[in-house]
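Okay, here's what each chain looks like letter by letter:
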Amino acid sequence: MTLPKYILGDNTDLPNAIFVIHTEFPMFIINLEDDEVEWLEDFDQHDQKELETEIENLIKDATAFYDREVSRYDD
């Protein structure tokens, strides 16, 4: 199965939360309500340094994905 890079998720137990799941390395879920990130894998020191420089771009990409998806519902 081929997964898209980003997937939207929601849950009725958290009605204000909007989740974006990033399915590629580094895999994570971000709650766009509060920008809380849950990492779905463990990192070594090398990964940690790469992640520090990459995280801002990943969050921007996840937010842009959400905005694009929502705009498609409006059309």
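Above this text is the structure in question.
Since the structure is predicted, the reported quantities are computational estimates derived from the model, not experimental observations.

(A) Layout of the pattern of salt bridges. Scanning the entire structure with this criterion turns up three salt bridges. Across the pair Lys60 and Glu56 runs a salt bridge, and its minimum N-O distance is 3.3 Å. Taken together, the residues span about one helical turn, with Lys60 and Glu56 both in helix 1 (residues 45-74) at a distance of four residues. For the pair formed by Lys60 and Glu56, the shared burial category is exposed. Notably, a salt bridge pairs Arg68 with Glu69, separated by 2.7 Å at the nearest N-O pair. Residues joined by salt bridges that share partners form a network here, namely Arg68, Glu69 and Arg72.

(B) Fine view of the side chain of His22. You can see His22 is positioned in strand 2 (residues 19-22). From its side chain, His22 meets the backbone oxygen of Glu24 in a polar contact 2.9 Å long. Not counting residues up to four positions away in its chain, the partners in contact with His22 are Lys5, Tyr6, Met27, Phe28 and Leu58.

(C) Spotlight on a negative patch on the surface. Side chains of Glu33, Asp34, Asp35, Glu36 and Glu38 sit close together on the surface and give a patch of like negative charge. Its place among the elements puts Asp35 in the loop between strand 3 (28-31) and strand 4 (36-39).

(D) Expanded view of unusual backbone geometry. The omega torsion across Phe25 and Pro26 is -5°, close enough to zero to call that bond cis. Tracing the backbone shows Pro26 in the loop between strand 2 and strand 3. You will see that Asp35, though not glycine, has its phi angle at about 60°, which is positive. Of the residues examined, Asp35 reaches a relative accessible area of 47% and is grouped as partly exposed.

What counts and how
- Residues numbered from 1 in each chain as written.
- Predicted model: local features only at pLDDT ≥ 70, side-chain atom pairs only at ≥ 80, totals over all residues.
- Heavy atoms only, no water.
- Salt bridge = Lys/Arg side-chain N within 4 Å of Asp/Glu carboxyl O.
- Helix = DSSP H or I, 4+ residues; strand = E, 2+ residues; numbered from the N terminus.
- Buried < 20%, exposed > 50% of the residue type's maximum accessible area, 1.4 Å probe, protein only.
- Polar contact = N/O pair within 3.5 Å; in protein donor to acceptor, adjacent residues only side chain to side chain.
- Contact = heavy atoms within 4.5 Å.
- Patch = residues over 30% accessible without salt bridge, like charges linked within 9 Å, V, L, I, M, F, W, Y side chains within 5 Å.
- Areas by Shrake-Rupley, 256 points an atom, 1.4 Å probe, with all protein chains shown as cover.
- Lys, Arg positive; Asp, Glu negative; His and termini not counted.
- Charge placed at Lys NZ, Arg CZ, Asp CG, Glu CD.

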